[in-house]
Structure formats: C-alpha cells, structure tokens
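Topology and contacts: notes
What follows is the residue order along each chain.
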Amino acid sequence: MHSDIPAEQNQNVSTIELVSTKDTLISARFLNWATGLLLAYFAVRLIYFALNISSFVPPDEVTHAGICRLFSKTLLFPVNTPESYEFGLVTNIPWLYYWLMGKMLHLNLFGLSDLVFLRLLNIPLAFGTVFFVRRTLLLLTGDRLTQLLLIVAITNTAMFSLMSASVSYDNLTNLLAAMAIYYQLAFFKQRSGNLLVAAILVQLTGCLTKITFLPLVPVLCMLLVIHEWRGLRLLPCTLKSWLQLSGRRAWFAILIIFVVLGLNVNLYGGNYLRYGALVPSMPMVLSPEIAMNYRLEARGIIFDQYKNGKISYMDALILAGEIRHPGDKADTFGLLMNYENLKRNPQLWLGPLQYVKVWFINMVATMFGIKAHLIMVKDLRYLIPVYVVLSLALCGFIIRWRPRESGWLSLCLAAIAGFYAGYLMLEINYSSYLQYGAPGITLYGRYLFPLLGPIYILVCCYLLRLFRTGPIRLTLALATALLLISYDFPWFLSHVTPEWYDWLPN
C-alpha cells in the first residue's frame, strides 16, 4: 500500500540518518558475509544449548513445557485438573504461547523428546527478534559498521542466548515487542496505514502472550498520540482513504484487530471482574491447598504464612523441603533465611536509592551472565568494560543527538526503554523486594529483553557516532564485538560444571 497520510502532515517527518550510509569502512559484501557467519554461529550455539542443557536449568522451563503439553491435548483450551496443578493455572492466564507450542507439538514426528522439540521451536522466535531489531536500526541508519555491531551484540548476550534455546513464553514476548516497536517507528517514518495497523495488531497479540508485555502498550500509545497530535483531526479522513485504497484487506485486518481485542477483553476484563486482578494467583481461582502443588505458589504461600506468624521459622523450612523442584526449593530456603536475618537486623533494609543501584548492577550482571536455576554471573571487575561501553554510548547520545539533524526516532527508543525499565523497577522489582526482603528476587536481566532492541540500537549507534574518525570507530567496534563474543559462549564453556548437563528427559 502506498503512503496514505495527508501531505501536510507528512511534511513533519524528519529524515533519520545518524551517520552517512556511504560507509567506506566495510563493504556491503563483507557485511553480508559477516552477518551470515554471526547468525550461523548463533544457530550452532542455540542448538547446542537445546540438546545439552538440563531441563532444570532454564527459568521455569519445566512449567512452560508442562503447560504446552496440556494445551496439545485439547482442541482449544485445557481446564485446571489434578494433572495440571503442579504447573499452576492453565486458565485465566495469557495463553497464546502455550496454544501455539501445544499445537505444534503434533508435528514432532522425529523421535525427539517433547522438551527438545519445543526448544528447537523456540529458536526461530529468537531469529525473528534479531531480524526485527535490525530492521528497526535501518530506520535510523544505514551505517554498515553499526549494523554489524548490533548483530554481534544481540546474538552474544549470554542470558538471551540461553533463553532463546529454552521453552519460555519470553521468546515470543521478545519477538512481538521487537515487531511492535519496529512497525510503530516505521509508521512514523514511512506514513503507511498498513504499518500502523500491523503495530496495533502486534501489540494486542503481545498482551495475550505475557502480562509483562502490557506496560509496553501505553508508552507506544502515548508516543503515537504525541507524534500525531497535529494530525488527529485528519484521522477520520485518513482512515476512510486507507479503507478505500486497501479494500477487502483493510476490512479483514480490522476484523482481526477486533477479534484479538475481544480476546484481550475476555481474558483481562473477565479476570478483573471475577477476581479483582488482571491475572489472578492460583489460590484466587482454586484454593490455597491446591496451590501448594505448584512450586512457585508453594514458595509464596510458605513465605507468607511465616511472615504473618501463622507458622514458625522451622515449620516453614520443613515445608520448603517438600518442594520437588531443586531450584525453587533452594530459593525458598534462601528467602526464609534472608527474612529471618532482616527481622533480627532491620537496618539491613535497602532504601529506594540504594535499591536503584542494586537493581542496575543486577540487571547488567544477569544480562551478560546467566541467572536461571543455576547461576553463572560475572563479578564487578569483569563488568567494568561493559560499564565503559555503556558510558561511552551515553556520552555519544548526549553529545551527538540533535533532533533537527537526526529526527525523533532515537528519542522514541529512549522513551520506550526508560518508561518500561522504570515501570519494571518500581512496580515489579521494588514491590517484590518490599514483600520478600530479598534484593535479588525478580531481578532478572531477561525481564529487560523486550527492550533489547531499543537499548542495543541506541548503544551501537551512539557508541560509534561518538567518534568521527574511521579507524577509531572501527577499533572501538572491534573491541566491543570481541568483548561481547568472549563474554558469551567462551565464558560459558570455561565455567560450566557437570550439573548444567545433568540431563533429565522431560
């Protein structure tokens, strides 16, 4: 479809080019070959993880795989039964990932275990994320060196690599987040109604995948309103023109949007009316006794009973010992012991500013390291080069960003990253800290992966834009690339222990 936005509104569109597309540092042929090799290296590593890592290592993989199997046994949706209790709720939850994976399990005709097959199905989702992040970068710049550095960064982030070869709804969430951001920014630049419709549809679809996708929607909507404020009065005419030009495809797209919107209203609206929460906990829907069958709910119930004085510390430890999943059993022991220590030493509680520092350090450490049911994170001395790169990129943004020269897409990416990260820190992470008293609870770098595109695009663009001289830019890009590559798979192989491979077919 051709551009269907009125010409007077189109005049406000800025040309986005952070650096010249006439890149003399590397050729187009070298870019294609290098990109292909990096993606092949990424694929090999993901297949290695999928075939070798224990089923009890990736975060909540046992639960995700179990729910996928339950969805594979029904035509539409399963119901809560004794068979499903160990996996938590299978109703009243964002269901799209489980529905898709469950249906695709019927294609497992190769003699693979269900877990390995599901892991392999998740790998294309990661490649889709890389694809749309790169397309978003191309909206800002055609600089080949920046493109290459972005591919290195996104395919050599340790936690992203492990998650990409695991069974997790995070993989579909990351893909849909990358798509939503790309389509909306592409609409800002190219003014195509089809792109706007795609952005809306992807956002609604993401909401059916994971509840943590929801904060992304309001910030994208706010950016849309702000960006299109002067043309809002033209919206009815624009919509009419788009419908006339697109014909049946437009009406079909609108129908799909209303269907997906209805599914969201049914899920979240129904939950709120019945239980007073967008996604209720298991005890709200069933009962606390049944919820004790699910390891994560058991952890919360045991801790709450101990915290509220309903059971003693020793009784709580005994109940925690009955949790079958080794990682969650250890986590529950840790929560109980930590809170008992805080009761004896209240001065150990962190204030908001202290928590911000802890939050940032933990997020960086668990993005470039691995925090799952087993942990492989780098201490501060190894993270200093990462902090240097981030600091240089921030300096580049402050010094080089000029709205009249480079447009507003960079600021949009910064706004998306800032809003989502702020919401995550205050409403999810800090609230969990106040509840449990453990600074590390819910602090996972993977929770920032919906922002992987905006963060890495800004870092790569402005890190290289900080310096104008070609040899310096090339040296900086090469040093950063070698740092990231060495901190991913080589680091994993040099620190892995046999328990990471303690394979338990599932």
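Residues numbered from 1 in each chain as written. Predicted model: local features only at pLDDT ≥ 70, side-chain atom pairs only at ≥ 80, totals over all residues. Heavy atoms only, no water.

Description of a nonpolar patch on the surface
Nonpolar side chains collect at one region of the surface, where M222, I226, F419 and Y423 lie side by side and expose about 390 Å² of accessible area between them. The set of elements that each furnish at least two residues to the nonpolar patch consists of helix 10 (216-227) and helix 21 (409-436). (Patch = residues over 30% accessible without salt bridge, like charges linked within 9 Å, V, L, I, M, F, W, Y side chains within 5 Å. Areas by Shrake-Rupley, 256 points an atom, 1.4 Å probe, with all protein chains shown as cover. Salt bridge = Lys/Arg side-chain N within 4 Å of Asp/Glu carboxyl O. Helix = DSSP H or I, 4+ residues; strand = E, 2+ residues; numbered from the N terminus.)

A look at the packing of helix 8 (residues 169-190) against helix 21
Where helix 8 meets helix 21, the closest approach of the two axes is 11 Å, and the angle between their N-to-C directions is 150°. Judged by the angle between their axes, helix 8 and helix 21 are roughly antiparallel. When the axes of helix 8 and helix 21 are compared, the crossing they make is right-handed. Each of I181, L185 and F188 in helix 8 lies in contact with helix 21, whose residues at this interface are L409, C412, L413 and I416. When the residues that make up the contact of helix 8 with helix 21 are grouped by side-chain class, the tally is 7 nonpolar, no polar and no charged. (Axes fitted to C-alpha atoms, helices over the stretch in contact; angles between N-to-C directions. Parallel < 35°, antiparallel > 145°, perpendicular 65-115°, else oblique. Left-handed = near helix turned anticlockwise from the far one by under 90°. Contact = heavy atoms within 4.5 Å. Nonpolar A, V, L, I, M, F, W, Y, C, P; charged D, E, K, R; others polar.)

Notes on the packing of aromatic side chains
Counted by the stated rule, this structure contains 38 aromatic pairs. Relative to F127, the ring of F42 lies with its centre 5.2 Å away and its plane at 50°, an arrangement referred to as tilted. Taken together, the positions of F42 in helix 2 (residues 28-52) and F127 in helix 5 (residues 114-140) put the pair 85 residues apart, joining distant regions of the chain. Overall, the relative accessible area of 0% leaves F42 in the buried class. Arranged with centres 5.2 Å apart and planes meeting at 90°, the rings of F131 and F132 form a pair that is edge-to-face. Residue F132 is classed as buried on the basis of its relative accessible area, which comes to 10%. Through successive ring pairs, a cluster of aromatic residues spans F303, Y306, Y313, Y339, W349, Y355, Y430, Y433 and Y436. For the cation-ring pair, R45 lies above Y41, with the distance from its terminal atom to the ring centre recorded as 4.2 Å. In this structure, K371 packs its charged tip against the face of Y444, placed 4.6 Å from the ring centre. (Phe/Tyr/Trp six-rings, centres within 6.5 Å; stacked < 30°, edge-to-face > 60°. Buried < 20%, exposed > 50% of the residue type's maximum accessible area, 1.4 Å probe, protein only. Lys NZ or Arg CZ within 6 Å of the ring centre and 35° of its normal.)

Considering the nonpolar core
Judged by nonpolar contacts, the single largest core of 149 residues is most densely connected at W359 and I370. Top contributing element to this core by residue count: helix 8, with 14 residues. Setting aside its immediate chain neighbours within four residues, I370 contacts A158, M159, L162, I375, M376, V377, F492 and W500. Core analysis: the second largest hydrophobic core is formed by 16 residues, A298, A320, Y339 and Y436 among them. (Core = buried A, V, L, I, M, F, W, Y, C linked by side-chain atoms within 4.5 Å.)

Focus: the environment of V197
With respect to the helices, strands and loops of the structure, V197 is situated in helix 9 (residues 193-207). Sequence spacing of V197 and I257 is 60 residues, and the spatial spacing of their C-alpha atoms is 8.3 Å. Setting aside its immediate chain neighbours within four residues, V197 contacts W242, A253 and I257.

Some thoughts on helix 23 (residues 470-486)
With 17 residues, helix 23 ought to run about 24 Å at 1.5 Å a step, and its terminal C-alpha atoms sit 24 Å apart, in line with that. Of all the positions in helix 23, only G470, R473, L476, A477, T480, A481, L483 and L484 are classed as buried. All buried residues of helix 23 lie within an arc of 165° about the axis, which places them on one face of the element. Among the exposed residues of helix 23, those oriented more than 90 degrees off its buried face are P471, T475, L478 and L482. (Expected span 1.5 Å × (residues − 1). Arc of directions from axis to C-beta.)

Some points on helix 21
Look at helix 21: 39 Å from first C-alpha to last across 28 residues, which is about the 40 Å you get at 1.5 Å a residue. Roughly 30° is the biggest bend found in helix 21, and it falls at M425. Positive phi shows up at G437, right after helix 21, with a value of about 80°. (Bend = angle between axes of the 7 residues up to and from the residue.)

Description of the side chain of N264
Along the chain, N264 falls in helix 12 (residues 248-275). For N264, the residues in contact, after removing those within four places along its chain, are L204, C207, L208 and G269.

Comments concerning unusual backbone geometry
Phi is positive for D60, which is not a glycine, with a value near 55°. The backbone phi angle of N92 is positive, close to 65°, even though this residue is not glycine. Assignment of secondary structure puts N92 in the loop between helix 3 (61-72) and helix 4 (96-104).

A short note on the packing of helix 19 (residues 380-400) against helix 22 (residues 452-465)
The contact between helix 19 and helix 22 brings their axes to 7 Å, and the two run at 75°. Taken as axis vectors, helix 19 and helix 22 run roughly perpendicular relative to one another. Residue-level inspection shows V389, L390, L392, A393, G396, F397 and R400 of helix 19 in contact with helix 22, the latter providing L458, V459, Y462, L463 and R465.

Notes on the state of the cysteines
Chemically, a disulfide is nothing more than a covalent bond linking the sulfur atoms of two cysteines. Per the counting criterion, the structure on display carries 0 disulfides. Here C461 stays unpaired: no disulfide links it, and the sulfur of C460, its closest cysteine neighbor, is 7.1 Å away. (Disulfide = S-S within 2.5 Å.)

Here we look at the confidence of the model for the protein
Here the protein shows a mean pLDDT of 89. Residues at 70 or above account for 93%. Predicted confidence in the protein is weakest over helix 1 (residues 7-10), with a mean pLDDT of 40, and strongest over helix 7 (residues 158-164), with 97. Low confidence marks residues 1-22, where pLDDT is under 50. Its contacts with residues over four positions away, or in another chain, come to 57 contacts. (pLDDT = per-residue confidence, 0-100.)

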